[in-house]
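Coordinate analysis (summary)
Chain residues, written in single-letter form:
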Amino acid sequence: MNADPRLILREDELDLGLELILLAETAIWLEVDAALAAESDGLNRSHWRALFLIRRRPGLGVLDLAALTGLSKQSASKTLGELEHAGLADKPRGDLDGRRKGAVLTLAGETLEARIAERLRARIAGAYRAGGAEAVLGARKVLAAVAGPRLTGRREG
């Protein structure tokens, strides 16, 4: 991605961008929290984030989840274990040597993740509509640049 050398941003403009990202993150997590509260399964944000990422990247392992989310390996392992225990994810054994493969969602996990993601998709769709068609690509470029190397190997679709 080539940066436009003509683009000069003042500190207050950059601070506004940071503030908007933080407030958008809060809005998303409040939506997730409300959806999880309705489920009353004792699940938290880390669980939903793992469900979402497993849906987007089937076969996700503990190390991958830790790298994508910033969780420690121990926390990522605990989160995946709790999802398995709740019947929302599974780490099937491999065909050749019996070692466990990365996580996949169970039908219950797919259903829960879909209910929560639908709420978030509605919020994102409204935001994209408010920004206009030309803003969608720009927003994706900005967020992808902020996300940085975490997008490596990102699955399309």
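1. Points about the pattern of salt bridges
Counted under the stated rule, the structure contains 10 salt bridges. With its nearest N and O atoms 3.2 Å apart, the salt bridge here joins Asp12 to Arg10. Its salt-bridge partner being Glu31, residue Arg119 comes within 3.0 Å of it at the nearest N-O pair. With Arg119 in helix α5 (residues 107-131) and Glu31 in helix α1 (residues 11-39), this pair connects stretches of sequence that are 88 residues apart. A relative accessible area of 35% means that Arg119 is categorised as partly exposed. By sharing partners, the salt bridges in this structure join Arg10, Asp12 and Glu13 into a single network.

2. Some details on helix α6 (residues 133-147)
Between its first and last C-alpha, α6 extends 22 Å over 15 residues, near the 21 Å set by a 1.5 Å rise per residue. Looking one or two residues past α6, Gly148 carries a phi angle of roughly 65°, positive in sign.

3. Focus on the environment of Arg49
Tracing the backbone through its elements, the reader meets Arg49 in helix α2 (residues 45-56). Arg49 sits in the partly exposed class, given a relative accessible area of 23%. For the pair formed by Arg49 and Val32, sequence separation is 17 residues and the distance between their alpha carbons is 9.3 Å. In contact with Arg49, not counting residues within four places along its chain, are Trp29, Thr69 and Leu71.

4. Considering the packing of α2 against helix α4 (residues 73-85)
Interaxial distance between α2 and α4 falls to 10 Å at its minimum, and their mutual angle equals 80°. It follows from the interaxial angle that α2 and α4 lie roughly perpendicular. Residues Ser46, His47, Ala50, Leu51 and Ile54 of α2 lie in contact with α4, whose contacting residues are Thr79, Leu80, Glu82 and Leu83.

5. Overview of a nonpolar patch on the surface
A cluster of nonpolar residues, Ile21, Val142, Leu143 and Val146, forms a patch on the protein surface that exposes about 360 Å² of accessible area. A total of three residues in the nonpolar patch trace back to one element, the largest contributor, which is α6. Positionally, Leu143 belongs in helix α6.

Rules behind the numbers
Residues numbered from 1 in each chain as written. Predicted model: local features only at pLDDT ≥ 70, side-chain atom pairs only at ≥ 80, totals over all residues. Heavy atoms only, no water. Salt bridge = Lys/Arg side-chain N within 4 Å of Asp/Glu carboxyl O. Helix = DSSP H or I, 4+ residues; strand = E, 2+ residues; numbered from the N terminus. Buried < 20%, exposed > 50% of the residue type's maximum accessible area, 1.4 Å probe, protein only. Expected span 1.5 Å × (residues − 1). Contact = heavy atoms within 4.5 Å. Axes fitted to C-alpha atoms, helices over the stretch in contact; angles between N-to-C directions. Parallel < 35°, antiparallel > 145°, perpendicular 65-115°, else oblique. Patch = residues over 30% accessible without salt bridge, like charges linked within 9 Å, V, L, I, M, F, W, Y side chains within 5 Å. Areas by Shrake-Rupley, 256 points an atom, 1.4 Å probe, with all protein chains shown as cover.

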